[in-house]
Amino acid sequence: MLRSYLMMLGVLVTGVAVVLVPPAPQRALAQDTRMTNENAVIKGGALQALLPARDAVRIIPLATQNADYVRGTIDTGNTAIDLELVDGKGGALRRLLWQSTGKGEFQFVAPDGEVALRLTQAGADFTAYDIEDKVSDAGAGNGGTGNATGFDLQISMHVPIDRQVVAPAPRYQSQLITQADHVVAAGGATDGFWQHAALVGTPLVETGLTPPGTVLMTFVYRGAQRNVRLFGAPSGNHEYLDRLGQSDIWFKSFVVPRSTRMSYQLAPDVPDIPGSARDQRMAILATAQQDPLNRAAWPADGPDDFNRQSTIALADAPVQPGMVAPNQTVKPGRLVHHRVDSAILGNQRDVYIYTPAGFNPHNPENLLLFVFDAKAYLTKIPTPAILDNLIAGHKLPPVMAVFISNPDADARADELPANPAFADAMATEFLPWVIDETGIKAQAARTVLAGSSYGGLAAATVALRHPDVFGNALCMSGSFWWHPREAAPKDEEFVARRVVNQPVVPVRFFLSAGLFETGHSGVGGIIDTNRHLRDVLEAKNYDVHYREFAGGHDYLVWRGALADGLIDLFGTGVLRQ
């Protein structure tokens, strides 16, 4: 009976693997646009088929039960797609992938009722900054013509609720939590606690309980059944919140500096799944969402709770230059989209070129800025608008910015960590192409590579390999713990060792790191390895600018660090060459 019912839904379940079946035409979910129902080659947990055309969608039903954990990938080659989780009537539940090319990974915890994946080709309007598209159909790869191409969907993990385990035993502190504990122990309700939390906003900040220059910050969540994780905790890990007895209060407290700025999400009822430590950490993303009592969601226009983070900036958090226009007359610059081939890397990528209003490519004062992780630095960090404001406010000379994408997540993990082929492509392919395309006169001393995490690592290693053309590296939370897999323990911290062993080259550095970026799982912390690299560079007499922030591995921090780094290296009057 159950099997017949699931077949009517277009879904078949075998064991714990999800088997995808094309939806029958008479069982199609409601859409606003045309639905495709092509026949597909199907295996257990896998679906290979054609992508929908740009004016259509494809619905892929799934067989899940409430609280099941589902994880998978979809590979669409060069075609950018959006993937959403929808309910049985086609109503959007959450966005799983956005502007995804190549192999994208997703995960979610299934709600009660029917669910499906809704697949569409992505639009080009992913940033508020106007983009002029110079990608022709002939040069756009699989995604440029609008014709349907193939996709490969794989469901790699499906863990029912009865195979998930319980969170560790709780601990707690904080005067507010202590007061709530007394109420709960006496048989009282928690409504008063939650009314106070809603009134003041979360996380809860208590003063006078911690050393000077710090406060006690308590994150809270109401009503989870099994566990709550704090994604982006000040500890540098994704902490479990503790439960106050059997009440609906979940919480975790941290002592943090008064200058803290951070973003975070709360993840209720995270599936504790079998598998590697990475698998278990990735499962947090299945339920991570904005804090419902936090008043500063980011971005405010995110499509759903899962695609918004919560933020807090304490009173002493540093000003982030360029986030506010210096006056009401700032004229926006120009942002142009290209698709660029690399013979060295054997692939193609999106590249965006920003020029400020009135830009003269022959001005010797121009700066040429290359930024890795293009779409993040056009959305999470509104870099063009920041540059507009800094240039208009005379904090920086004119800046041309080139935003470099990777074809997909796998290519990013291969290209950015100290890859000599990528460094050579930057120096001998992308830089000459930019010069030919724009007419800018590039000077090594006024050319900077910028990035965060692996992008910060790439900025340093590309500049060290090609100092004749890249004279500056702006590294935000650079992954300087990295080393080749085959390296012996004594050869860890690849970049620091390279600086020690090679002659000094004409490269200036800006390094920044977050105080919350401590090590875990046997991997060196970003804060410690950045401090070490700073010391090594200074010992070799490099020009090094270094900053630390009370924050974590966080675009909310990096949007200020990027501006700080540019001003430190190139602020008006800093450098004249």
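The structure this text deals with has already been given above.
Fair warning: this is a prediction, and the values are worked out from it, not measured in the lab.

### Some thoughts on the packing of aromatic side chains
Next up, step 1: Scanning the entire structure with this criterion turns up 13 aromatic pairs.
Next up, step 2: On the numbers, 5.9 Å between centres and 70 degrees between planes, the contact of tyrosine 377 with tyrosine 555 is edge-to-face. Residue tyrosine 377 is located in the loop between β25 (367-372) and α5 (383-392), and its partner tyrosine 555 is located in helix α11 (residues 555-570); the two are separated by 178 residues in the primary sequence. Residues tyrosine 377 and tyrosine 555 agree in their burial class; the two are buried.
Next up, step 3: Measuring from centroid to centroid gives 6.3 Å for tyrosine 454 and tryptophan 481, while their planes differ by 35 degrees, and the two rings are tilted. Remark: tryptophan 481 occurs in the loop between β28 (472-476) and α9 (494-501) and tyrosine 454 occurs in helix α8 (residues 454-465); sequence separation between them is 27 residues.
Next up, step 4: Among the residues examined, tryptophan 481 registers a relative accessible area of 26% and is labelled partly exposed.
Next up, step 5: Taken together through their ring pairs, the aromatic side chains of Trp98, Phe126 and Tyr352 make up a single cluster.
Next up, step 6: The cationic tip of arginine 94 hangs over the ring face of phenylalanine 306; the distance from NZ or CZ to the ring centre is 3.9 Å.
Next up, step 7: It is lysine 375 that lies over the ring of phenylalanine 126; its NZ or CZ is 4.9 Å from the centre.

### Observations regarding the pattern of salt bridges
Next up, step 1: For the structure on display, the rule yields 20 salt bridges.
Next up, step 2: The salt bridge involving arginine 339 is made with aspartate 350; its shortest N-O contact spans 3.2 Å. Here aspartate 350 lies in strand β24 (residues 347-355) and arginine 339 lies in strand β23 (residues 334-342), a separation of eleven residues in the sequence.
Next up, step 3: Given the relative accessible area of 17%, arginine 339 is considered buried.
Next up, step 4: Exposure remark for aspartate 350: the relative accessible area of 11% places this residue in the buried category.
Next up, step 5: Put simply, Arg71, Glu105, Arg278 and Asp279 are held in one network by salt bridges that share partners.

Cut-offs used in this document
Residues numbered from 1 in each chain as written. Predicted model: local features only at pLDDT ≥ 70, side-chain atom pairs only at ≥ 80, totals over all residues. Heavy atoms only, no water. Phe/Tyr/Trp six-rings, centres within 6.5 Å; stacked < 30°, edge-to-face > 60°. Helix = DSSP H or I, 4+ residues; strand = E, 2+ residues; numbered from the N terminus. Buried < 20%, exposed > 50% of the residue type's maximum accessible area, 1.4 Å probe, protein only. Lys NZ or Arg CZ within 6 Å of the ring centre and 35° of its normal. Salt bridge = Lys/Arg side-chain N within 4 Å of Asp/Glu carboxyl O.

Read these as spatial facts, not as claims about activity.
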